[in-house]
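Residue-level structure breakdown
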Amino acid sequence: MENSNRLGVGIRSTQVAAAVVVIALLAALGFSAFRNADARDRESAFLGRVEATAAKLIALQQETIDAIDTADDVHNGLASSTKLATSVHQLQNDLTSLRTNDDIANGVIDKSFDAFTQRLSAFANTQNSATWKSAQSGRWLILRDAQEWSGNYQSIAVARLRTLSEDRATNERNQAILLLLTLLMSVWILAWVGATVARNYQRAKVLIATEEVKVQSARSALAHASDQLSYQAHHDSLTGLLNRTALMENLDDAMKDIEGGLVTIFFCDLDRFKVVNDSLGHSIGDELLIEAANRLVKTIGEDGYVGRFGGDEFVVVCRGLDDSNAALRVAERISRALTKPFDMHGEDAFIGVSIGIANSRPDITAQQLLRDADVAMYRAKGAPGNHIEFFDAAGDMFSYRFNTETALRKALTSNQFLLHWQPIVNLKNSQVHTLEALVRWERPGTGLLLPKDFMAIAEDSGLIVDLGRWVIAAACSAGALTDDRSVAVNISVRQLRDVRFVDDLRDILSESGLPPERLILEVTEHSVIDTAIVTAPLARVRELGVRVALDDFGTGYSSLALLPKLPVDIVKLDRAFMKEIVSSEPTQAVVKSIVQLTSALNVMLIVEGVESDAQRKLLRSLGVQHGQGYWFGQPEPGRLVGSHVEN
Ligand code: C2E
Ligand code: CA
Ligand code: CA
């Protein structure tokens with residue numbers, strides 16, 4: 001708005017006045033040209049009439065002279081005076097018409113004309129008299145009168161003509177002045193318009209340049225945010241190692257590349273880390289993890305790469321270790337590096353490592369290979385001695401995975417699953433906005449298991465479809481018991497792909513009595529990468545009135561680019577961002593740009609992993625309105641009742 005004003009032509013009152021003056025000048029010029037033409041017409045018309053009358057006068061004079069000359073006797077005198085009287089009478093008519101149309105026939109002409117006509121009639125009256133001869137001398141007086149009268153007439157006509165010419169000359173001069181003035185004014189206006197246009201053009205150029213700079217910096221800020229996001233999406237914020245997402249991606253690629261040789265995975269879990277962490281504190285624990293990561297990177301060098309899988313779990317990936325001895329040597333190197341004491345501010349901390357090794361086999365996925373190594377690691381942990389174990393396809397598969405799968409099937413029918421609830425709150429007033437249902441498995445003989453312990457197997461075996469349906473039903477019935485709380489339920493892509501999913505969901509909603517707008521389904525950003533598969537079922541879910549949340553946002557592949565394309569109502573920013581938000585300004589900038597992005601897309605933003613009041617305050621200052629995390633409450637059974645989180 002402001003810009004268009006600044007760029008506009010900007011007509012001011014002085015300029016309006018100038019234009020009015022020019023228009024007035026042009027009008028005056030036109031009028032004077034018209035008047036000039038009129039004067040010229042009048043002048044030439046008058047000239048014509050004067051010429052005609054003068055010719056008649058000359059003829060009359062001649063006639064008078066002839067009459068006088070021939071009037072040598074009474075008879076002739078009578079004849080010529082009658083003829084003369086007729087001519088005089090005609091001329092008198094002419095002159096009368098001249099006089100009435102023009103003002104030249106003023107008193108002077110009238111007077112001399114009257115004198116002439118009187119003398120003429122006196123002359124005519126004497127025609128019969130005996131004194132004709134003596135009266136003849138009066139003839140010359142008639143002639144003199146006629147000459148005098150026509151002379152007067154001429155001088156008046158000339159004077160009149162002069163006035164008319166002067167009029168015209170004055171008009172023409174005024175016209176020339178007007179023309180000059182008009183030209184000058186027009187030149188001035190043109191110069192002024194030119195200057196204004198040039199000035200506005202310059203101003204516009206400056207404005208455009210400034211806008212371009214702004215656009216450029218916005219673009220680079222966004223690019224920076226994107227890079228930052230992509231870095232965070234692929235790296236562990238504490239150690240800088242590749243994270244689980246990046247590891248899985250790399251592993252997928254490596255396993256597709258059959259030419260590259262065998263892929264070997266070393267799943268490393270630190271042995272006494274929990275003890276160190278609990279006794280020396282979390283910041284020492286973090287330092288230890290960083291040091292462990294450095295040692296691992298140094299040990300592996302160019303032979304492979306290292307990632308942090310979460311907590312105290314590291315994964316080393318190598319290629320081309322063709323016999324198990326080579327793999328074992330790598331594992332021993334790792335073990336030696338991590339068994340050396342860690343100097344933690346003057347105190348030696350001793351930790352060890354349990355390593356599970358697995359080799360790629362035909363027809364298994366990256367996920368399965370990792371699980372193989374994980375299974376082997378579990379066996380290594382329990383084993384006495386060197387804590388290094390190879391995955392044994394026959395034995396391990398059967399012992400862990402198969403057992404778990406069987407147990408999971410049983411768990412569904414024997415009510416071993418339960419829900420814990422974690423609040424999602426309004427950062428301003430800590431009002432509980434939504435409760436997220438998180439599934440737990442009370443496994444007989446093992447205890448309470450978290451999703452990470454069984455979810456992957458439930459997914460692989462397809463059991464997730466039934467388990468997921470149970471979770472939705474349990475969450476909806478619990479939600480229906482509260483007044484106005486919304487409930488959020490995590491679902492997997494496997495569930496979305498199930499043809500009955502939306503119908504089941506509709507049935508569950510109507511059976512539980514929970515209004516659809518109080519249900520939120522959470523899908524992880526990672527799982528919706530393949531947008532083609534999930535977009536249609538998600539759209540149908542939304543048609544029911546159920547809201548869709550994009551979970552773990554920022555850990556997927558191309559979060560920013562993907563967001564506008566997905567049918568989602570809520571975005572949950574992954575807790576990875578919370579790790580360093582208080583100390584890292586770039587992370588704050590990224591979160592801020594996500595706040596702007598989601599608000600532009602009219603999508604609600606929830607930030608996960610809020611663990612301190614400092615984080616909460618900072619998030620509020622960045623414009624975040626909703627959060628979730630241990631600061632507000634851990635997942636707990638029966639958390640559904642409270643409406644307000646106290647801290
Ligand atoms: P999620 O959906 O991102 O759930 C949040 C997880 O982060 C929960 O772990 C919760 O305990 C943890 N968490 C919450 N606040 C904080 C915090 O401030 N700091 C830290 N460090 N962690 C926090 P949980 O319960 O182990 O769940 C793990 C994941 O398992 C969930 O991640 C979700 O993706 C999946 N999951 C849970 N229940 C279900 C389910 O019923 N169906 C499906 N498909 N997936 C589920
Ligand atoms: Ca979730
Ligand atoms: Ca999440």
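A few points on the structure. Residue numbering note: each chain is counted from 1, following its sequence as written. Here chains are named by letter from A upward and ligands by number from 1 upward, in the order in which they appear as written. In keeping with the predicted nature of the model, local features appear solely for residues at pLDDT of at least 70, side-chain atom pairs appear and are counted solely at 80 or more, and the whole-chain, interface and lining totals rest on all residues. Just so you know, side-chain values use all the structure's heavy atoms and leave hydrogens and water out.

**Focus on the packing of helix α15 (residues 501-512) against helix α16 (residues 531-543)**
How we decide: Orientation is described by lines fitted to C-alpha atoms, with helices fitted over the stretch in contact, and by angles between N-to-C directions that extend from 0 to 180 degrees. Strands here mean DSSP runs of E at least two residues long; helices mean DSSP runs of H or I at least four residues long; both are numbered from the N terminus. Note on terminology: angles under 35 degrees are roughly parallel, angles over 145 are roughly antiparallel, angles of 65 to 115 are roughly perpendicular, and the others are oblique. By the definition used in this description, the sense in which the near helix is turned from the far one sets the handedness, with an anticlockwise turn below a right angle giving left-handed and a clockwise turn giving right-handed. Here a residue-residue contact requires only that any non-hydrogen atoms of the pair lie within 4.5 Å. We call Asp, Glu, Lys and Arg charged. Ala, Val, Leu, Ile, Met, Phe, Trp, Tyr, Cys and Pro are nonpolar, and the rest, Gly among them, are polar.
As a packed pair, α15 and α16 sit with axes 10 Å apart at the nearest point and diverge in direction by 20°. The orientation of α15 relative to α16 falls into the category roughly parallel. Our pair here, α15 against α16, has a crossing hand that is right-handed. Across the interface between the two elements, F501, V502, D503 and L505 from α15 touch P537, R540 and V541 from α16. Partitioning the contact of α15 with α16 into residue classes produces five nonpolar, no polar and two charged.

**Let's talk about the site of ligand 1**
Rule in force here: When at least one non-hydrogen atom of a residue lies within 4 Å of a molecule or strand, that residue is treated as near it. As used in this structure description, the phrase polar contact means that two N or O atoms lie within 3.5 Å; if the pair is within protein, one of them must be able to donate a hydrogen and the other to accept it, and residues adjacent in sequence are counted only when both atoms belong to side chains. Computed with a 1.4 Å probe, the accessible areas rest on the Shrake-Rupley method; for each residue, only the protein chains presented here act as cover.
Lining the immediate surroundings of ligand 1 are 21 residues, of which Q422, D551, R575, E611 and Y630 lie closest. Interatomic distance of 2.7 Å between a side-chain N/O atom of R575 and an oxygen atom of ligand 1. When the free accessible area of ligand 1 is taken as 800 Å², the share hidden by the protein chains comes to 83%. If you list the elements that add at least two residues to the shell around ligand 1, you get β9 (432-443), α12 (451-461) and β13 (547-553).

**Considerations on the sheet that holds strand β7 (residues 388-390)**
Filter applied, for reference: Paired strands, in this sense, are two strands between which DSSP finds at least two bridges.
Read from one edge of the open sheet, five strands run β2-β3-β1-β6-β7, paired in mixed fashion. The open sheet has two edge strands, β2 (304-310) and β7, and neither has a second partner. Averaged over all neighbouring strand pairs, the angle between strand axes comes to 20°, with direction disregarded. Pairing between strand β6 (residues 353-359) and β7: three bridges, direction parallel. Bridge assignment links G356 to a residue of β7, and that residue is E389.

**So, the packing of helix α13 (residues 464-481) against α15**
Look at α13 against α15: their axes get within 9 Å of each other, and the N-to-C directions meet at 25°. Relative to α15, the element α13 lies roughly parallel. Seen from above, α13 lies across α15 with right-handed handedness. Across the interface between the two elements, R469, I472, A473, C476, S477 and A480 of α13 pack against F501, D504, L505, I508, L509 and S512 of α15. The class makeup of the residues in the contact of α13 with α15 is eight nonpolar, two polar and two charged.

**Concerning a nonpolar patch on the surface**
Just so we agree on the cut-off: Patch membership requires more than 30% relative accessible area and the absence of a salt bridge. Residues of like charge join within 9 Å; the nonpolar side chains Val, Leu, Ile, Met, Phe, Trp and Tyr join within 5 Å. For this document, the term salt bridge refers to a Lys or Arg side-chain nitrogen within 4 Å of an Asp or Glu carboxyl oxygen.
Judged by side-chain polarity, I177, L180, L181 and L184 come together as a nonpolar surface patch covering roughly 380 Å² of accessible area. Along the chain, the position of L181 falls in helix α5 (residues 132-234).

**Focus: the coordination of the calcium ion (ligand 3)**
Short version of the rule: Donor criterion used throughout: N, O or S atom within 2.8 Å of the metal, extended to 3.2 Å for Na, K and Ca. Water excluded; incomplete-looking sites may result. For the exposure calls, accessible area comes from a 1.4 Å probe over protein chains only, and a residue counts as buried if that area is under 20% of its type's maximum, exposed if over 50%, partly exposed in between.
The protein atoms that coordinate the calcium ion (ligand 3) are D551 (OD), D552 (OD), E608 (OE) and E608 (OE), at distances spanning 2.1 to 2.5 Å. Donor residues binding the calcium ion (ligand 3) come from one chain and are separated in sequence as D-D-x55-E. Taken as a pair, the calcium ion (ligand 3) and the calcium ion (ligand 2) lie 4.1 Å from each other and share D551 as a ligand. Note that D552 is positioned in strand β13 and E608 in the loop between β15 (604-607) and α19 (613-621), a separation of 56 residues in sequence. Overall, the relative accessible area of 24% leaves D552 in the partly exposed class. Judged by relative accessible area, which is 10%, E608 ranks as buried.

**Remarks on α12**
Residues lying three or four places apart along an α-helix face the same way, a consequence of the helix completing one turn every 3.6 residues. Stated formally: For this quantity, the arc is that covered by the directions from the helix axis to the C-beta atoms.
Residues F454, I457 and A458 constitute the buried set of α12. The buried residues of α12 occupy an angular sector of 105° when the element is viewed end-on, so they sit on one face. Positive phi appears at G462, one or two residues downstream of α12, with a value of about 85°.

**Concerning the packing of aromatic side chains**
Geometrically, a pair of aromatic rings is defined through the distance of the ring centres and the angle of the planes. Note the threshold: Each Phe, Tyr or Trp ring, with Trp reduced to its six-membered ring, pairs with another whose centre is within 6.5 Å; inter-plane angles below 30 degrees give stacked pairs, above 60 give edge-to-face pairs, and intermediate values give tilted ones.
Applying the stated rule across the entire model yields five aromatic pairs. Ring geometry for F417 against F454: centres 5.9 Å apart, planes inclined by 50°, an arrangement best described as tilted. Linking F417 in strand β8 (residues 417-426) with F454 in helix α12, this pair joins segments that are 37 residues apart in sequence. The two residues F417 and F454 agree in class, both being buried.

**Here we look at the coordination of the calcium ion (ligand 2)**
On the protein side, the calcium ion (ligand 2) has E436 (OE), N490 (OD1), E522 (OE) and D551 (OD) as donor atoms, found 2.1 to 2.2 Å from it. Sequence spacing of the donor residues for the calcium ion (ligand 2), all on one chain, is E-x53-N-x31-E-x28-D.

**Quick word on the nonpolar core**
In plain terms, the rule: In this text, buried Ala, Val, Leu, Ile, Met, Phe, Trp, Tyr and Cys residues form a nonpolar core when linked through side-chain atoms within 4.5 Å.
Within the largest apolar cluster, 74 residues are counted, with the highest numbers of intra-cluster contacts made by F501, L505, L519, L521, L550, V591 and L619. Among the elements that line this core, the one with the most residues is α13, at eight residues. Among all residues touching L521, those that are not within four sequence positions of it are V489, I491, F501, L505, V541, V546, R547, V548 and A549. If you look at the next biggest cluster of nonpolar residues, it comprises 32 residues, including L288, V330, I351 and I357.

**Observations regarding the pairing of β6**
In terms of burial, β6 is a largely internal element, six of the seven residues being buried. In terms of strand pairing, strand β1 (residues 263-270) meets β6 through seven bridges, oriented antiparallel. Directly across from I265, in β6, lies its bridge partner A358.

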